[in-house]
Amino acid sequence: MTRPLAHLAVDVRKAFDAGIGTYIRNVVPRVLDRLGSDLRVVALVPHDQLDRCDWLPARNLAILATRAAPFSVAEQAAFRRT
């Protein structure tokens, strides 16, 4: 019996802010590497920062660019579509 593929959504919209952004850019890739290859990850990033996402590991990662404000109904709709 094969193990089902796990799914994880990671909100990295603050990764481009000063202070907390440095922490996010250093910690998230390390954690994702340790979680293993049977994990499918969706990273939520600001639509205007797509060209700055080279720090995210490419393995089993999809990037969802959003214009929705955090904690908004539009944000929940974007999550639902994914």
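Provided above is the structure to which this section pertains.
> Sorry, what's going on with the overall build of the protein chain here?
In terms of regular secondary structure, the protein chain is built from two helices and three strands. The helix and strand sequence of the protein chain, counted from the amino end, reads β-α-β-β-α. Considered along the principal axes of its C-alpha atoms, the protein chain spans approximately 40 × 30 × 20 Å. Per-residue burial for the protein chain yields a buried fraction of 33% across its 82 residues. For the protein chain, restricting intrachain contacts to residue pairs at least 6 apart in sequence, the fraction spanning at least 24 positions comes to 51%.

> Where do I start with the pattern of salt bridges in this structure?
Should the charged atoms of two oppositely charged side chains come close, the side chains can pair. For the structure shown, the criterion picks out two salt bridges. We note a salt bridge from arginine 13 to aspartate 11, for which the minimum N-O separation is 2.6 Å. Judged by its relative accessible area of 13%, arginine 13 is buried. On the basis of relative accessibility, which here comes to 42%, the residue aspartate 11 falls in the partly exposed class. One salt bridge in this structure joins lysine 14 and aspartate 17, with 3.4 Å as the shortest N-O distance.

> So what exactly am I meant to see when it comes to the pairing of strand E2 (residues 39–46) here?
The side chains of a regular strand alternate between the sheet's two faces. Taken across its eight residues, E2 has seven buried, putting it largely inside the fold. Sheet topology places strand E1 (residues 6–11) next to E2; six bridges connect them, and they run parallel. Opposite aspartate 11, over in E2, you have leucine 44 as the bridge partner. The parallel pair E1 and E2, bridged by helix H1 (residues 20–35), forms a crossover whose chirality is right-handed. Taken together, the six bridges between E2 and strand E3 (residues 61–66) define a ladder with parallel strand orientation. Opposite leucine 44, over in E3, you have leucine 64 as the bridge partner.

> How do you make sense of the sheet that holds E1 when you look at a structure like this?
Hydrogen bonding along the main chain pairs the strands of a sheet, whether they run parallel or antiparallel. The strand order across the open sheet built from three strands is E1-E2-E3, with neighbouring strands paired in parallel fashion. One side of each edge strand has no neighbouring strand; the edge strands of this open sheet are E1 and E3. Taking each pair of neighbouring strands and ignoring which way they run, the sheet shows an average axis angle of 20°.

Thresholds applied
Residues numbered from 1 in each chain as written. Predicted model: local features only at pLDDT ≥ 70, side-chain atom pairs only at ≥ 80, totals over all residues. Heavy atoms only, no water. Helix = DSSP H or I, 4+ residues; strand = E, 2+ residues; numbered from the N terminus. Buried < 20%, exposed > 50% of the residue type's maximum accessible area, 1.4 Å probe, protein only. Contact = heavy atoms within 4.5 Å. Salt bridge = Lys/Arg side-chain N within 4 Å of Asp/Glu carboxyl O. Pairing = 2+ DSSP bridges. Right-handed = clockwise from strand over helix to strand, strands pointing away. Axes fitted to C-alpha atoms, helices over the stretch in contact; angles between N-to-C directions.

Honestly, it's all geometry; don't read function into it.
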